[in-house]
Amino acid sequence: MLSAYRNHSNEAEEGLNALRAEAPGSLDAIEAVGILAAWRGQARHAEEQFLDVLGEQPDRLESRLGLGNVRLDRGDASLLRQVVDEQKADFPNRRSVRESQRRLELHDSYYMVAGASFSGDQDAVAGNRVREYDLRVYSKPSENDHWRAFGRYRNLRSGPTVSTAANNIGAGLKYTVVDWTTEIEVGNRGYARLETAHALSDQWSSALAIEKNVLFRQARAVENGIKSDTANFSLRWRHNENLDVGGGFRATSFTDNRRSEAYLTANKGLYTDHDRRLTTSVRIANQRNSNPAVAYFSPEQQLEISGTVVLEFRQWQDIATKKSSLWHRIWGTGGKVHQSGYVARSMSSFGYGQEIALTDAFRIRWSIARTRYPFDGIHSSYYVGNIGFEGYF
């Protein structure tokens, strides 16, 4: 039943509610509610359903696997590892056992996250280009599943108008427990980073990020040796997979400037089926700078209000394994930007990208966009390209 409703979660929920009304004690229906909740990212709700089923039938395999998978989603692999170890010999061909075993194999692997960005300079420096690279490689998890070590390399290059180069080599630890993920990193040039994310409930989550001696700013800032410390706190409310609202506050202390920014975003899914998704979002951001008379773009105050529409569609998927696929993404953004001392100007961005899953262990994302944005009241147009890799090995 749930397979027929995949990507139509609201209809599936209505069908399950009707089924539970007809058979209130049906363990099949309760288990299906748990599976649906897990699909929708509602880990705690799913866990409650599976525990209700296991209270009646402690050896029910699908609920044990379901509970183990949502515990893994929350940061604890121990239960799923126990269930798979017990069942893989007796049910080697059962799909749910094989899929759970594969999740654990990936969880127990090294993994890599790499990204590169290529753009015209966003300081509106005519003829300048900026290239940024970021590579992180994580170790296998520790014996208790809580710790991973990682190494990181970043590089920034700009030219020919503003010829600059900066790089950073760092290392750190990632710590994961139920509903918490924290990363600590130190690097050369006095760089340090702390990031932590906490899932407060199925609906609420928060994140805090602090960085010291950040070199990766606009080319004019790098050229002048400007460093900065930054702190960002964000809070997100998620109704379901089709609606979420978030906001936060970011404070940055440059060598020669103080910047603060408050922002609010809302995302709404308009249409979803097996191979297509249409979503829209709204963003409001207000920025203040203590010193507008610096070498890099730094308006005394800036207010941005924008909206984005995104169409995604899947061209291809490996039907047999469902582990390989090709998604296309097309988006358009439009809005207004008001900078102190200038009349409000329009901004826009139009782009295209792809997400390519080569296997369940390796994924590529890339995009190209044309952006038009005002700097000190003057429009600048530039391209921004991004490519990212994520893989387990």
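Nothing here was measured: the structure is a model prediction, and the numbers come from that model.

About the thresholds
Residues numbered from 1 in each chain as written. Predicted model: local features only at pLDDT ≥ 70, side-chain atom pairs only at ≥ 80, totals over all residues. Heavy atoms only, no water. Helix = DSSP H or I, 4+ residues; strand = E, 2+ residues; numbered from the N terminus. Rg over C-alpha atoms; globule rule 2.2 N^0.38 Å. Buried < 20%, exposed > 50% of the residue type's maximum accessible area, 1.4 Å probe, protein only. Lys, Arg positive; Asp, Glu negative; His and termini not counted. Charge placed at Lys NZ, Arg CZ, Asp CG, Glu CD. Expected span 1.5 Å × (residues − 1). Phe/Tyr/Trp six-rings, centres within 6.5 Å; stacked < 30°, edge-to-face > 60°. Lys NZ or Arg CZ within 6 Å of the ring centre and 35° of its normal. Arc of directions from axis to C-beta. Contact = heavy atoms within 4.5 Å. Patch = residues over 30% accessible without salt bridge, like charges linked within 9 Å, V, L, I, M, F, W, Y side chains within 5 Å. Areas by Shrake-Rupley, 256 points an atom, 1.4 Å probe, with all protein chains shown as cover. Salt bridge = Lys/Arg side-chain N within 4 Å of Asp/Glu carboxyl O. Axes fitted to C-alpha atoms, helices over the stretch in contact; angles between N-to-C directions. Parallel < 35°, antiparallel > 145°, perpendicular 65-115°, else oblique. Left-handed = near helix turned anticlockwise from the far one by under 90°. Polar contact = N/O pair within 3.5 Å; in protein donor to acceptor, adjacent residues only side chain to side chain. Pairing = 2+ DSSP bridges. Core = buried A, V, L, I, M, F, W, Y, C linked by side-chain atoms within 4.5 Å.

Enquirer: What exactly am I supposed to notice about the overall build of the protein here?
Expert: The secondary structure content of the protein amounts to seven helices and 16 strands. Taking 2.2 N^0.38 as the reference for a compact globule, 393 residues should give roughly 21 Å; the C-alpha atoms of the protein span a radius of gyration of 24 Å, in line with that estimate. For the protein, the C-alpha atoms occupy an extent of roughly 70 × 40 × 35 Å along the three principal directions. In the protein, buried positions account for 41% of the 393 residues. Here the protein holds 50 positive side-chain charges and 48 negative ones, and the gap between their average locations is 7 Å.

Enquirer: Can you walk me through helix 2 (residues 27-39) in this structure?
Expert: Helical periodicity: at 3.6 residues per turn, an α-helix aligns residues three or four positions apart in one direction. Here helix 2 spans 18 Å end to end across 13 residues, near enough to the 18 Å set by a 1.5 Å rise per residue. Taken as a whole, helix 2 has its buried residues at Leu 27, Ala 29, Ile 30, Glu 31, Ala 32, Val 33, Gly 34, Leu 36 and Ala 37. Among the residues trailing helix 2, Gly 41 stands out with phi positive, at a value near 80°.

Enquirer: Is there a simple way to explain the packing of aromatic side chains in this structure?
Expert: By convention here, two paired aromatic rings are described through the distance between centres and the angle between planes. Counted according to the given criterion, the structure contains twelve aromatic pairs. With a centroid separation of 5.9 Å and 80° between ring planes, the pair formed by Phe 118 and Tyr 133 is classed as edge-to-face. Here Phe 118 is found in strand 1 (residues 111-120), whereas its partner Tyr 133 is found in strand 2 (residues 129-138), with 15 residues between them in sequence. Residue Phe 118 is classed as partly exposed on the basis of its relative accessible area of 35%. Judged by its relative accessible area of 32%, Tyr 133 is partly exposed. Feature note: the residues Tyr 111, Tyr 138, Phe 150 and Tyr 392 constitute an aromatic cluster, connected by ring pairs. In this arrangement the basic side chain of Arg 154 is found over the ring face of Tyr 191, its NZ or CZ atom lying 4.4 Å from the centre.

Enquirer: I tried to follow helix 5 (residues 78-87) on my own but got confused; where do I start?
Expert: What helix 5 keeps buried is the set Leu 79, Leu 80, Val 83, Val 84 and Gln 87. The buried residues of helix 5 all sit within an arc of 125° when viewed along its axis, so they share a single face. Structurally, helix 5 contributes buried residues whose contacts are with helix 4 (61-74) and helix 6 (95-107).

Enquirer: In this structure, what is going on with a nonpolar patch on the surface? I would like to understand it.
Expert: Residues Ile 184, Leu 194, Leu 200, Trp 204, Leu 208, Ile 210, Phe 233 and Leu 235 make up a contiguous nonpolar surface patch of roughly 680 Å² in combined accessible area. When residues of the nonpolar patch are assigned to their parent elements, the largest contribution, three residues, is made by strand 7 (residues 204-214). Along the chain, the position of Leu 200 falls in the loop between strand 6 (192-199) and strand 7.

Enquirer: I'm lost on the packing of helix 5 against helix 6 in this one. Help?
Expert: Working note: a packed helix pair is described by the angle between its axes plus the distance between those axes. Running from N to C, helix 5 and helix 6 point in directions that differ by 130°, and their axes come no closer than 10 Å. Classified by the interaxial angle, the pair formed by helix 5 and helix 6 is oblique. In this structure, helix 5 crosses over helix 6, and the sense of that crossing is left-handed. Residues Leu 80, Arg 81, Val 84 and Gln 87 of helix 5 lie in contact with helix 6, whose contacting residues are Val 97, Ser 100, Gln 101, Leu 104 and His 107.

Enquirer: Please clarify how the side chain of Asp 145 should be interpreted in this entry.
Expert: Relative to the elements of secondary structure, Asp 145 occurs in the loop between strand 2 and strand 3 (147-159). Within the local environment of Asp 145, its side chain forms a polar contact with the side chain of Arg 81, the two groups lying 3.0 Å apart.

Enquirer: Would you mind going over the pairing of strand 3 with me for this structure?
Expert: As a general feature of sheets, a regular strand has side chains that alternate between the two faces. Judged from the ten bridges that link them, strand 2 and strand 3 form a sheet pairing that is antiparallel. From the neighbouring strand, Asp 134 faces strand 3, where its bridge partner is Arg 154.

Enquirer: For this particular structure, what's the right way to read the pairing of strand 11 (residues 276-289)?
Expert: In the sheet, strand 10 (residues 257-272) pairs with strand 11 via 13 bridges, with the strands oriented antiparallel. Note on strand 11: the bridge partner recorded for Thr 272 is Arg 277. As paired elements, strand 11 and strand 12 (residues 301-317) share 13 bridges and run antiparallel to each other. Across the sheet, the residue bridging to Thr 279 is Val 310, located in strand 12.

Enquirer: Would you mind showing me how to read the nonpolar core here?
Expert: One broad trend across soluble globular proteins is that nonpolar side chains are buried collectively. Ranked by internal contacts, the top residues of the largest apolar core, which has 17 residues, are Leu 65, Leu 67, Val 70 and Leu 80. Only helix 3 (43-56), helix 4, helix 5 and helix 6 provide two or more residues apiece to this core. If you tally residues by element for this core, the top one is helix 4, at five residues. Ignoring any residue separated from it by four or fewer positions in sequence, one finds Val 70 in contact with Ala 38, Ala 43, Ala 46, Glu 47 and Phe 50. Residues Phe 297, Met 347, Phe 375 and Tyr 382 belong to the second largest nonpolar core, which totals seven residues.

Enquirer: Where do I start with the environment of Ser 139 in this structure?
Expert: As for its placement among the helices and strands, Ser 139 is situated in the loop between strand 2 and strand 3. Once you skip the residues sitting within four places of it in the chain, Ser 139 turns out to touch Ser 109, Tyr 110, Arg 148 and Ala 149.

Enquirer: Would you mind going over the packing of helix 2 against helix 3 with me for this structure?
Expert: Between helix 2 and helix 3, the shortest axis-to-axis distance is 7 Å and the interhelical angle comes to 155°. Our classification of the angle between helix 2 and helix 3 gives roughly antiparallel. When you trace helix 2 past helix 3, the crossing you get is left-handed. Contacts from Leu 27, Ile 30, Glu 31, Val 33, Gly 34, Ile 35, Ala 37 and Ala 38 of helix 2 reach helix 3 at His 45, Ala 46, Gln 49, Phe 50, Asp 52, Val 53 and Glu 56.

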